[in-house]
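Below are the chains, spelled out letter by letter.
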Amino acid sequence: MKLYCLSGHPTLPCNVLKFKSTTIMLDCGLDTTSVLQFLPLPLVHSPRLSKLPGWVSKDGTINLEKKELLDLSTIDVILISNYHCMMALPYITEHTGFTGTVYATEPTLQIGRLLMEELVNFMERVPKAQSATCWKYKEIQRLLPGPLKDAVEVSTWKRCYSMQDVNSALSKVQLVGYSQKVELFGAVQVTPLSSGYSLGSSNWIIQSHYEKVSYVSGSSLLTTHPQPMDQSSLKNSDVLILTGLTQMPTANPDGMLGDFCSNLAMTIRAGGNVLVPCYSSGVIYDLLECLYQFIENANLGSTPFYFISPVANSSLEFSQIFAEWLCHNKQSKVYLPEPPFPHAELIQTNKLKHYPSIHGDFSSEFRQPCVVFTGHPSLRFGDVVHFMELWGKSSLNTIIFTEPDFSYLDALAPYQPLAMKCVYCPIDTRLNFHQVSKLLKEVQPLHVVCPEQYTQPPPAQSHRSDLMLELQPPPMPYRRCSVLGLPFRRRWERIQLLPDVGPVATHLSDLQWGKKIFTQPPIVQVLPLKKMRGLNTLRRQGLKSCSARRVTLRKPVHVQARLKFAREHLDDPEEDWENVIWSDETKI
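Here the residue index of a chain counts from 1 through its sequence in written order. In keeping with the predicted nature of the model, local features appear solely for residues at pLDDT of at least 70, side-chain atom pairs appear and are counted solely at 80 or more, and the whole-chain, interface and lining totals rest on all residues. To get the side-chain values, take all heavy atoms of the structure and skip hydrogens and water.

With an unreviewed UniProt entry as reference, the protein is termed Integrator complex subunit 9, source organism Oncorhynchus kisutch. UniProt positions are given in the numbering used here, feature names are shortened, and annotations may be inferred rather than shown by experiment. The protein has a UniProt comment under Sequence similarities (unreviewed entry) that states "Belongs to the metallo-beta-lactamase superfamily. RNA-metabolizing metallo-beta-lactamase-like family. INTS9 subfamily."

Structural data, given as structure tokens:
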């Protein structure tokens, strides 16, 4: 069993597990931090941004070297843990020869579709004056200004996919529910479990008859809107693959929410506007719920809140209809009946308004001071670029960063000098190191596999030993482009032989050299794995195999029987022997 690591970002994982002749991809997160190395794409022409120095190249005919750790067309199954970890799915399923199946929960599929649609919309609605790719060639890249000159493996960067790619990729998704057992080729069984992080987010159990692998990615023990994390099902794991821990281990989410509300109120009272760059799903639900409870006490009832995104309406509606995926408290509201999330009431009272873009109705209904939630958190594309240009010159305004995926200093770099205030309140509800250490003590896996970053303190805080995993035995670390052999204690397999597979004997101890084998009822054997060479290939073809049981030494009667058989068939033609199955050469 091997684990291939294809991602260097521990919270946006992409790993491939080869287990029991099945190749399983675990998530396919899309690392978009490279967009910080490019200029913003404004919806409205910006004289200031257009004057910033850039680098222009004419396209050439240079062939880029392709480096792949494994052939993506060999992947049988893709398991998705949450909608943030499926953003690279079109790159995997399209144009690679992928013919497998993708498994995800319904909220993960629907909200993931919205995030992809938003990303494509942001990219396509801004016309590109020029296009070039030869700058990726190493000989040209070294001539570029930093940080492009120092960027790693720019040859792997790709254009954003299209909606046609998105629809084709998502058509390969098969929906599953929590605790639903899915059989893969009769060899492996996978089961999604609630991870407690977001709507429909899952951890996965991957097991055979005698081995169990747990995949824990993007989990949370905090009480928020999703169903709580299922911990008990993770027990008795031979290997636990751990990834997707919090990016802000020193930041308390409750404290960050308090800072968010206080800075928002302070700005509004001073007559300024608040800009919140965020994703169209996820933390925004909690922010709106927190503001619902806060605005009346803070006398902000007359302040308009705007949510601007191509998928704003769908995102707010989806959050209300996935009741069975919510925590018990929110599920109970559905039967009252009440909407699970309070932003429904904010919309009904016109305190929260949503628009697909800054054009159209928004331009006529927009009034200040206000609070605007919009994307993209990188500040490189989307409607947020327009508001940065509109409000950046006034010190009355404030931008509040709540998403931890991007460095806020790098995000603000193209907009400097900036007069508006900047507040960093990263809200990340995923497991921190203290919580995951407690979890691992409870579930007690035999082996823990995790990204290399989790086995050592952050470089900026090398003295903080509490910001790393300290386990006994130590965890097995992996890094990008590494291949890790996974250890297992059990070495047995359960095999079932069916009558229609091929001729077998009722008692394997009765097999004798050179005798023809006759079809009998099915039998079940438990066999050592070290004696099962070729079993994986046979299983994929629908063939099952077994090995003969140990028997006593041959008696004289056996010797005479074999000698008699040899003499009787001494002159048989060669074509007769083609119909004989030799028990020492095949297990079928």
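So that's the structure; there's more coming.
Q: Which residues make up the overall build of the protein, and what are the values?
A: Broken down by element type, the protein carries 17 helices and 22 strands. Each residue is placed in one exposure class: buried if its accessible area under a 1.4 Å probe, protein chains only, is under 20% of its type's maximum, exposed if it is over 50%, and partly exposed if it falls in between. Taking all 588 residues of the protein together, the buried fraction comes to 49%. By sequence separation, contacts in the protein at least 24 residues apart represent 74% of the contacts at least 6 residues apart. Methods summary: accessible areas were calculated by the Shrake-Rupley approach with a probe of 1.4 Å, and residue burial reflects only the protein chains presented. Summed over all atoms, the accessible surface of the protein reaches about 28800 Å², with 52% contributed by carbon and sulfur. Strands are runs of DSSP state E lasting at least two residues, helices are runs of H or I lasting at least four, and both sets are numbered from the N terminus onward. Throughout, a contact is declared for two residues whenever any of their heavy atoms are within 4.5 Å.

Q: Just give me the short version of the sheet that holds strand β16 (residues 398–401), but keep the residues and values in it.
A: Each strand in a sheet pairs with its neighbour through backbone hydrogen bonds, running either in the same direction (parallel) or in the opposite one (antiparallel). Strand pairing requires that DSSP identify at least two bridges connecting the strands. With respect to topology, six strands assemble into an open sheet ordered β14-β13-β15-β12-β16-β17, the strand pairing being parallel. With one partner strand each, in any of the chains shown, β14 (352–355) and β17 (421–424) form the two edges of the open sheet. On average, adjacent strands in this sheet sit at an angle of 20° to one another, irrespective of strand direction. Sheet topology places strand β13 (residues 305–308) next to β14; four bridges connect them, and they run parallel. For Phe307, the partnering residue across the bridge sits in β14 and is His354. Convention adopted: a line fitted to C-alpha atoms gives each axis, helices being fitted over their contacting stretch, and angles between N-to-C directions are expressed from 0 to 180 degrees.

Q: Break down the nonpolar core for me, citing the residues and quoting the values.
A: Leu89 and Phe373 are the most contacted members of the largest nonpolar core, which totals 101 residues. Ranked by residues supplied to this core, first place goes to helix α3 (residues 106–124) with nine residues. Here Phe373 is in contact with Phe260, Val276, Cys278, Ile284, Leu287, Leu288, Leu291, Phe305, Tyr306, Phe307 and Ile308, once residues within four sequence places are set aside. What we call a nonpolar core is a set of buried Ala, Val, Leu, Ile, Met, Phe, Trp, Tyr and Cys residues that are connected through their side-chain atoms within 4.5 Å. With 26 residues, the next largest nonpolar core counts Leu17, Val188, Val239 and Tyr478 among its residues.

Q: Break down the packing of helix α6 (residues 253–269) against helix α7 (residues 283–294) for me, citing the residues and quoting the values.
A: Viewed as axis vectors pointing N to C, α6 and α7 meet at an angle of 55°, and their least axial separation amounts to 11 Å. If you check the angle between α6 and α7, you find them oblique. Considering only the axes of α6 and α7, their crossing is right-handed. In contact with Leu257, Phe260, Cys261, Leu264 and Ala265 of α6, α7 contributes Leu287, Cys290, Leu291 and Phe294. For this scheme, ten residues count as nonpolar: Ala, Val, Leu, Ile, Met, Phe, Trp, Tyr, Cys and Pro. Four count as charged, namely Asp, Glu, Lys and Arg, and the remainder, Gly too, count as polar. Residues of the contact of α6 with α7, tallied by class, amount to nine nonpolar, no polar and no charged. Oblique is the label for any angle not covered by the other classes, which are roughly parallel (under 35 degrees), roughly antiparallel (over 145) and roughly perpendicular (65 to 115). The handedness criterion is simple: a crossing whose near helix is rotated anticlockwise from the far helix by less than a right angle is left-handed, and one whose near helix is rotated clockwise is right-handed.

Q: Account for the pattern of salt bridges, naming residues and giving values.
A: In the sections that follow, a salt bridge refers to a side-chain nitrogen of Lys or Arg positioned within 4 Å of a carboxyl oxygen of Asp or Glu. For the structure on display, the rule yields eight salt bridges. With a closest N to O distance of 2.9 Å, Lys20 and Glu211 form a salt bridge. Note that Lys20 is positioned in the loop between β2 (15–19) and β3 (22–26) and Glu211 in the loop between β9 (202–207) and β10 (212–217), a separation of 191 residues in sequence. Assessed through its relative accessible area of 13%, Lys20 is described here as buried. Here Glu211 falls in the buried class, since its relative accessible area comes to 5%. The closest approach of N and O atoms between Lys330 and Glu289, which form a salt bridge, is 3.0 Å. In this pair, Lys330 is assigned in helix α9 (residues 328–334) and Glu289 in helix α7, connecting sequence segments 41 residues apart. Residues Lys330 and Glu289 agree in their burial class; the two are buried.

Q: Mind laying out helix α14 (residues 433–443), listing which residues take part and the relevant values?
A: Among all positions of α14, only Phe433, Gln435, Val436, Ser437, Leu439, Leu440 and Val443 are buried. Each element contacted by the buried residues of α14 is listed here: β11 (239–243) and β18 (447–451). Its side-chain oxygen placed 3.2 Å from the backbone nitrogen of His434, Asn432 serves as the N-cap of α14. Of the residues one or two after α14, Gln444 is the one with positive phi, at around 50°. Two N or O atoms count as a polar contact when they lie within 3.5 Å, although within protein this holds only if one can serve as hydrogen donor and the other as acceptor, and sequence-adjacent residues are included solely when both atoms are side-chain atoms.

Q: Mind laying out the sheet that holds strand β6 (residues 173–175), listing which residues take part and the relevant values?
A: Read across the sheet, seven strands follow the order β6-β5-β4-β3-β2-β1-β20 without closing on themselves; strand pairing throughout is mixed. Edge positions in the sheet fall to β6 and β20 (483–485), since each has one partner strand and no second. When strand polarity is set aside, the average angle formed by the axes of neighbouring strands in this sheet is 25°. By the bridge criterion, five bridges tie β2 to β3 in an arrangement that is antiparallel.

Q: Break down the side chain of Ser81 for me, with residues and values.
A: You can see Ser81 is positioned in the loop between β4 (77–79) and α2 (89–93). Residue classification places Ser81 among the buried positions, given a relative accessible area of 0%. Within polar-contact distance, the side chain of Ser81 engages the side chain of Asn82 at 3.4 Å. Excluding residues that lie within four positions of it along the chain, Ser81 makes contacts with Asp27, Gly200, Ser201, Ser202, Trp204, Tyr215 and Ser217.

Q: How would you explain α7 if you had to name every residue and give the values?
A: The end-to-end C-alpha distance of α7 is 16 Å, a good match for the 16 Å that 12 residues give at a rise of 1.5 Å each. In terms of burial, α7 is largely enclosed, as nine of its 12 residues are buried. By this rule, a helix spans an expected 1.5 Å times one less than how many residues it contains.

Q: Quick one: what's the story with the pairing of β9, residue by residue and with numbers?
A: Within β9, five of the six residues are buried, leaving the element largely enclosed by the surrounding structure. In the sheet, strand β8 (residues 188–194) pairs with β9 via six bridges, with the strands oriented antiparallel. For Ser194, the partnering residue across the bridge sits in β9 and is Ser202. Between β9 and β10, which follow one another and run antiparallel, lie four residues.

Q: Which residues make up empty space enclosed by the protein, and what values go with them?
A: Note on definitions: the grid is 1 Å and covers protein atoms alone; a cavity is a set of points where a 1.4 Å probe fits but cannot get out; a pocket is an open set with protein on both sides within 12 Å along at least five of seven lines; lining residues have an atom within 4 Å of a point. Grid points are joined across faces, edges and corners, and a volume is the space filled by probe spheres set on the points. For the coordinates displayed, the defined rule picks out three cavities of 30 Å³ or more. The calculated volume of the largest cavity comes to roughly 470 Å³. If you go around the largest cavity, you meet 34 residues; those closest to its centre are His84, Tyr197, Tyr279, Glu403 and Asp405. Breaking the lining of the largest cavity down by element, the ones donating at least two residues are α3 and α7. If you tally residues by element for the lining of the largest cavity, the top one is α3, at four residues.

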